[in-house]
Amino acid sequence: MPVTKVLTEGIGEANLRDIDVYRQRGGYVQWERAVRELTPAQVMEAADKSGLRGRGGAGFPTGRKWGFLPNNGKPRYLVCNCDEAEPGTFKDHMLLEQTPHLVLEGILLGAYGIGCTHAYIYIRGEFKEGYEIFTKALADARAAGMFGKKLFGTDYSLEVTAHRGAGAYICGEETGLLNSLEGKRGEPRLKPPFPAIAGLYGMPTVVNNVETLAYLVPVLKNGAEWFSSVGTERSKGYKIVSVSGHVQKPGNYEMPLGTTVREIIEIAGGLLPGRKFAAVQPGGQSSACIFEEHLDYPYDYESMAKAGSMLGSGAFTVFDDSTDFVKAAFNSVRFYAHESCGQCTPCREGGHWLERVLHRFVEGRGLASDLEMIERVGTTITGLNLCALGDSIEPFLISVFRRFKPQFEARIQREEAVGV
Amino acid sequence: MAQNFEFSLGERRALAPTGVIRLKMADAQELVNLTIDGVPLSVPKGTLLVEAAKQIKQEIPVYCYHTKLGPAGLCRVCLVEVEGMPKLQIGCNTPVAEGMVVHTQNAKVNAGRGMVLELLLVNHPLDCPICDKGGECDLQDYAMAYGRGSSDVADPKQSKPKGVDLGPTIVLDEERCVVCQRCVRYDDIIAAESQLVVKDRGHNDIIATATGDPYAHNFTGNVTELCPVGALTSKTYRFKSRPWDLVRTQTSCTQCAVGCQQFVDQRSGSLLRAQMVESDDRVSDGWLCDRGRYNIGFYTADDRITQPLYNDNGTFVQVGWDDALSMWAKAIREAQTAGKAIGAIGGGRLLNEEAYLLQHVFRAIGTQNLDWRAGRQAVATPARTGTYQDLEKAAAILMIGETPEERAPVMWLRVIKAVTRNGAKLIRVATADKAPNIAHVDAKSVEEALSLLPAQGQVVVVWDGIDTSVGAKIRDAMASRNGMGLIASEQPNARGAEAMGMLPASGGMDTGAMFDAAGRGELGALSLFGVNPVRNFSNPERARAALEATPFVVVSELFMTETARLATLVLPARGAYEKSGTVVNIAGDLLPVNASVQGPVGTLSDLEMLVGLAQQFGLPLPTVEELERTVIEKAATAGPVALRELHGEAAHDTIARPARTIWDGGGTAAHDPRITRMLADKMIPTELVEA
Ligand SMILES: Cc1cc2nc3c(=O)[nH]c(=O)nc-3n(C[C@H](O)[C@H](O)[C@H](O)COP(=O)(O)O)c2cc1C
Ligand code: SF4
Ligand code: SF4
Ligand code: SF4
Ligand code: FES
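Residues numbered from 1 in each chain as written. Chains lettered and ligands numbered in written order. Predicted model: local features only at pLDDT ≥ 70, side-chain atom pairs only at ≥ 80, totals over all residues.

### A short note on the overall build of chain A
Filter applied, for reference: Segments assigned H or I by DSSP are reported as helices when at least four residues long, segments assigned E as strands when at least two residues long, and all are numbered from the N terminus. For a compact globule the rule gives 2.2 Å times the number of residues to the power 0.38, and the radius of gyration it is set against comes from C-alpha atoms. Counting other C-beta atoms within 10 Å of each residue's C-beta, where C-beta atoms are placed from the backbone, gives the exposure class: buried for 20 or more, exposed for 12 or fewer, partly exposed between. Remark: residues whose backbone-derived C-beta atoms lie within 7 Å of one another are considered to be in contact.
When helices and strands are tallied, chain A shows 19 helices and 10 strands. Taken over the C-alpha trace, chain A has a radius of gyration of 22 Å; the compact-globule value for 420 residues is 22 Å, and the two agree within 12%. With respect to the three principal axes, the spread of C-alpha positions in chain A is 75 × 45 × 35 Å. Burial analysis of chain A (420 residues in total) assigns 56% to the buried set. Looking at chain A alone, contacts between residues at least 24 apart form 72% of all its contacts between residues at least 6 apart.

Here it is, written out as structure tokens:
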């Protein structure tokens, strides 16, 4: 089984929250080396050459993202996205709580790489414990001289601020996050302009996921080639996969990209006894389900797209044949309707409408005429929205609706509405 | 008889074609070529598709986009297809690009827009039959254009609060709201108030004030027009009419000296609402203040004077117009025969034509004792004049004297624009007014303010025209640099009156001198036109004493003001919505005023009164054409009036007064039942309204 330990190295064995333990195990060595010996451009080059892609959901190449920053003399910001509110995703807060100094070292390296002097980490409101652990880590690291003024005797100064959100999925979307960080209503911004041009406080900004930034540490330690030699052609390196659902041992498993879907299920202990496989949602709540015919697909960005889904944040949810997909679909749509910020029409109205219709199906009060509506509205709203949340209502819903249509048909009570 | 004068000032006019219209050459701009719906066009780089399409007369539907607010990308109704892009794009935030091929009307586009409309109607109450917006609603129009004829909705609609009392001016229906956030963004960007917010989230979101306090400031009414649906409605217009029953007139607001262009809608002879003229970039920038919008009810107030009134030893008795005019003429002749002085004060609240005729008739009768000034203001025409657009582009704005926020409300919106969006530096020499909620620096003296000016760039001085020694300092300081002035006059047509010659000449007495002469028993007859010195003069007591000492005082007015109560003869006048002519605003623009209703029977315009008086004296009068031509000429050529000392040393009596508000000044708010109803709601502090 290709389970590997890179970021997860030491978790469960040593108290990595303790800065001394972290340092004894080689922690902050890369950071100090970078500041003393490397130029920011070299750090950026390492990120680029490693083939590291964003682990927050979109999978955008990290080095390329940094390269969009304009050279206009304006201050730049790095914001680490630790909002992790997508159902099924639970890797970032594991890193935050178990190995906070690794998270911090990743942020420091990222900040140095883009040439920023003030980095932020936005921590989901519900992660109270993680926030406290990280705040302690920040204090310890500052006391140890890991960030602050004139680091390691150089002229480089760097400040890091941890900000705890107030609890809204939409604040994980990078521009919603920036608004929230600025103290505004957590609503995504209209793009363009993109954060690289006008982000936090209107300045050039990079938003990166916790896991993305954390991988900078081993990349610098072992070299870009070490990372890019693992994985598939365009999906390089390792990934923490959060496996949940109908498996025997749900949990976070770190592995090379390209491990097959079937292998991942086995890594997590396989299906529950006596159950049959029904579907996998391979990339978080925003991704479409894939099915039996995809079990031998490698788990990488391209193959998941080819299967009609996506790798997303690496949340891997397994459904067996006991699943009530009507309820699952309702649950998913209800989540989006609840989390919609309400700014734009298709997401605000479409999600809410679908939620009410599916609720009737759950209660066995579906109408035959609803079937056409679910398909039509569910698919049409995708692509019309301001941010990706609205476009995420469709994939799971429509993939299971089409695949498990009989389950929906069984909940039909009447042909069409009676009365008004 | 008098009603029979055929002396109306012609029909509606566009902005007068005179030297006051200053055309700016467009900056040379890079052009981009594209095709929209098969039509090739070239537009400046950076133009948004929604604007580019207008050039080929193709409308891209919008809810959240607004030319003055910019794109927000919320409603998603503006979808267009751009060849080479897989997804439909929003026309409101997609800039033109070289070679772009755009379709604003095809099956794919219509399907996308149709979906947006279908979704907007899922929870919409569809109470069009009782909605004020019915007939002029963008949701109705686009639903007709792109929506489906039927609905798949089988679930009950979500209910939200209706009839929400948002503040003194507005009632909100949350169910009709399409959450375009135009109101919220307007309040933030244009009014710099940030009172309105979206509360809650997703399909539960509602529009509210952030604090829960009533939505109240000087520019609230604009949101009722920005609102594309019937969610924000004016209390004064609720359930009053359908748009197709209204008769619309475009005119200039004369509630203050800004001169905003506005549409006035009347039905069966009553004014129902005033609406903004969005295309009016020059004067109002497309906005109105709440006074200009809502203070129109006084025209039909019960206490309007509709008969000439003669003061018979303390009791006012009604007289006919014939008698009134002959008494007036007789009193003037008797005063002249007795070797007493006569005089006339007014013009700042009249139309140019009237102000011109006022000085013309009285000069012909034989007096130079003429003045428009009846308050504290000394001068209305700046030494170097500029436009409101200049204000927008200023590097620094120097605000000296009484709050232009209240005196010239919509001009203040330009100051906000200059400061918050164009980076102008705002320096105030503050009177004891509340601080504006935009970035500014307070200086203690004019000298200090001048020292804070940036070295480069245009300076615009906004001044109240009161203290002439201040005026002289500004004039001298601006002479050596790129500076100009805007005088926020207290009377709407002060600058027009000045241009028309309502000033003492050849040794004539100004207002203060006339009052002094009255005190000495030397003034035999005084005629006052739309002025209320007993309330507004720098020293009201001096004005009162002067009027009491003058044997024959004629006052042309709409209401029984403090001044009218001291008159010998009160002449019932028409207001600006009841007559046509022109005015000159703060920026020197010659603006048309067009009658939208007829005045009450028994009233006459000041012009008609003056014609009547002239006829009593057998004086020759200009023809209508001559009058129009003269007015245009004088408005265009009137230069600055040398700064004069007014009222002698007593000019600057400091009278303790409450801070002025936009409702102050015209004397009409207290007679407007709609405004007094707001007052009753305690929304406008009583002491701030002119009684
Ligand atoms: C609704 C929504 C929620 C998101 N939540 C998160 C999140 O919790 N954490 C995260 O890293 N990215 C999240 N993203 C993705 C971010 O917008 C952004 O792409 C990401 O932080 C970029 O980091 P990366 O390039 O390192 O992946 C979310 C996106 C959407 C549309
Ligand atoms: S898609 Fe949904 S969450 Fe995103 S901006 Fe629109 S309403 Fe808000
Ligand atoms: S109240 Fe009107 S203007 Fe304001 S968000 Fe709703 S629809 Fe838009
Ligand atoms: S600013 Fe003056 S002219 Fe403009 S609407 Fe208000 S009162 Fe009328
Ligand atoms: S007008 Fe373009 S999204 Fe609303």
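### Considering the overall build of chain B
Looking only at helices and strands, chain B has 20 helices and 27 strands in total. Counting across all 691 residues of chain B, residues that qualify as buried make up 53%. Of the contacts made within chain B by residues no fewer than 6 positions apart, 72% connect residues no fewer than 24 positions apart.

### Observations concerning the site of ligand 2
Residues and elements named next belong to chain A. So the rule is basically this: Only the C-beta atom matters for nearness: placed from the backbone, it must lie within 6 Å of the molecule or strand for the residue to count as near. Residues are sorted three ways: Asp, Glu, Lys and Arg are charged, Ala, Val, Leu, Ile, Met, Phe, Trp, Tyr, Cys and Pro are nonpolar, and all the rest, Gly among them, are polar.
Around ligand 2 there are 14 residues in total, and Cys 341, Cys 344, Cys 347, Cys 387 and Gly 390 lie nearest to it. Contributions of two or more residues to the shell around ligand 2 are made by helix 15 (345–362) and helix 17 (388–391). Per-class residue counts for the shell around ligand 2 are 8 nonpolar, 5 polar and 1 charged.

### Description of the nonpolar core
What counts, and what does not: In these notes, a nonpolar core means any group of buried Ala, Val, Leu, Ile, Met, Phe, Trp, Tyr and Cys residues linked to one another through C-beta atoms within 7 Å.
Counting 326 residues, the largest nonpolar core has Val 79, Ile 107 and Ala 329 of chain A together with Ile 397 of chain B as its most contacted members. For Ile 397 of chain B, the residues in contact, after removing those within four places along its chain, are Leu 391, Val 415, Ala 418, Ala 424, Leu 426, Val 460 and Val 462 of chain B.

### Things to note about the interface of chain A and chain B
Interface size, as often reported, equals the accessible area lost upon joining of the parts. Across the boundary between the two partners, chain A contributes 28 residues, which contact 25 residues of chain B. Elements with a contribution of two residues or more to the side of chain A that touches chain B: helix 14 (325–339), helix 15 and helix 16 (368–380) of chain A. When residues in the side of chain A that touches chain B are grouped by element, the largest group, 9 residues, is from helix 15 of chain A.

### Things to note about the site of ligand 1
Residue and element names in this part refer to chain A. Formally: What counts as a domain boundary in this text is fixed by an automatic or database domain assignment.
As a structural note, the neighbourhood of ligand 1 is formed by 24 residues, with Gly 54, Gly 56, Gly 172, Asn 209 and Thr 212 the closest of them. Secondary-structure elements contributing two or more residues to the shell around ligand 1 are strand 4 (205–209) and helix 17. By residue number, the principal contributor to the shell around ligand 1 is strand 4, which donates 3 residues. When the residues that make up the shell around ligand 1 are grouped by side-chain class, the tally is 9 nonpolar, 8 polar and 7 charged. A domain-level breakdown of the shell around ligand 1 finds at least three residues from each of domain 1 (19–228) and domain 3 (325–414).

### Observations regarding the sheet that holds strand 12 (residues 261–267) of chain B
Residues and elements named next belong to chain B. Selection criterion: When DSSP finds at least two bridges between two strands, those strands are taken to pair. Lines are fitted to the C-alpha atoms to define the axes, a helix being fitted only along its stretch in contact, and any angle between axes, read from their N-to-C directions, falls within 0 to 180 degrees.
The 3 strands are arranged 11-12-13 in an open sheet whose pairing can be described as antiparallel. Strands at the two margins of the open sheet, each flanked by one partner only, are strand 11 (247–252) and strand 13 (270–276). Within the sheet, the average angular offset between the axes of one strand and its neighbour, ignoring direction, is 30°. Pairing between strand 11 and strand 12: 6 bridges, direction antiparallel.

### Here we look at the sheet that holds strand 7 (residues 277–281) of chain A
Residue and element names in this part refer to chain A. Ordered by their spatial adjacency, 4 strands build an open sheet running 6-5-8-7, and the pairing between neighbours is mixed. Only two strands of the sheet have a single partner each, and these edge strands are strand 6 (251–256) and strand 7. When the angles between neighbouring strand axes are averaged without regard to direction, this sheet yields 30°.

### Notes on helix 7 (residues 321–337) of chain B
All names here are of chain B. Rule in force here: One less than the residue count of a helix, multiplied by 1.5 Å, gives the span that helix is expected to have. What the arc measures is the spread of directions leading from the helix axis to the C-beta atoms.
Along its 17 residues, helix 7 runs 24 Å from first to last C-alpha, staying within 8% of the 24 Å computed at 1.5 Å per residue. Listed in full, the buried residues belonging to helix 7 are Trp 321, Ala 324, Leu 325, Trp 328, Ala 331, Ile 332 and Ala 335. Each buried residue of helix 7 sits inside an arc of 125° when the element is viewed along its axis, so together they form one side. Packed against the buried residues of helix 7 are strand 16 (341–346), helix 8 (352–365), strand 23 (523–529), strand 24 (552–557), strand 25 (569–572) and helix 18 (606–616). A positive phi of about 75° marks Gly 339, the residue just after helix 7.

### Describing the domain arrangement of chain A
Residues and elements named next belong to chain A. Domain boundaries in chain A define domain 1 (19–228), domain 2 (238–320) and domain 3 (325–414). Facing the 9 residues of domain 2 at the interface are 8 residues of domain 3. When its residues are assigned to classes, the side of domain 2 that touches domain 3 shows 4 nonpolar, 5 polar and no charged.

### A word on unusual backbone geometry
Cis peptide bonds are those with omega within 30 degrees of zero, and the linkage from Lys 191 of chain A to Pro 192 of chain A qualifies with -5°. One can find Pro 192 of chain A in the loop between helix 8 (174–181) and strand 4. The omega angle of the peptide bond from Pro 192 of chain A to Pro 193 of chain A is 5°, so this bond is cis rather than trans. Structurally, Pro 193 of chain A is set in the loop between helix 8 and strand 4. The phi torsion at Phe 152 of chain A lies on the positive side, around 50°, for a residue other than glycine. Relative to the helices and strands, Phe 152 of chain A resides in the loop between helix 7 (128–143) and strand 3 (159–164). Overall, Phe 152 of chain A belongs to the partly exposed group, with 13 C-beta atoms counted inside 10 Å. The backbone of Arg 76 of chain B shows a phi angle near 70°, a positive value even though the residue is not glycine. One can find Arg 76 of chain B in the loop between helix 1 (49–54) and strand 3 (79–82). Classification of Arg 76 of chain B by C-beta neighbours within 10 Å gives buried; the count is 27.

### With respect to the domain arrangement of chain B
Residues and elements named next belong to chain B. According to the domain assignment, chain B consists of domain 1 (37–120), domain 2 (150–299), domain 3 (301–378 + 497–622 + 639–655) and domain 4 (388–487). For domain 2 and domain 3, the distance between their C-alpha centres works out to 38 Å. Those elements giving two or more residues to the side of domain 2 that touches domain 3 turn out to be strand 11 and strand 12. In terms of residues, the side of domain 2 that touches domain 3 owes the most to one element, strand 11, which gives 4 residues. For the side of domain 2 that touches domain 3, a count of residues per class yields 8 nonpolar, 9 polar and 1 charged.

### Some thoughts on the pairing of strand 22 (residues 483–487) of chain B
All names here are of chain B. Counting buried residues in strand 22 gives 4 out of 5 residues, a clear majority hidden from the surface. The pairing of strand 21 (residues 459–463) with strand 22 spans 5 bridges and is classified as parallel. For Val 462, the partnering residue across the bridge sits in strand 22 and is Leu 486.

### Considerations on the environment of Tyr 112 of chain A
If you trace the backbone, Tyr 112 of chain A turns up in helix 6 (residues 100–114). Not counting chain neighbours up to four residues away, the residues in contact with Tyr 112 of chain A comprise Ala 34, Val 35, Pro 40 and Val 43 of chain A.

### A word on helix 13 (residues 468–479) of chain B
All names here are of chain B. For helix 13, which comprises 12 residues, the first-to-last C-alpha distance of 16 Å matches the rise-based estimate of 16 Å (1.5 Å per residue) to within 8%. Considered for burial, the residues of helix 13 that qualify are Val 470, Gly 471, Ile 474 and Met 478. In an axial view of helix 13, the angular spread of the buried residues amounts to 100°, which keeps them on one side of the axis. Counted as exposed and oriented over 90 degrees from the buried face of helix 13: Ser 469, Ala 472, Asp 476 and Ala 479. Its buried side turned inward, helix 13 meets strand 18 (396–401), helix 12 (446–451), strand 21 and strand 22.

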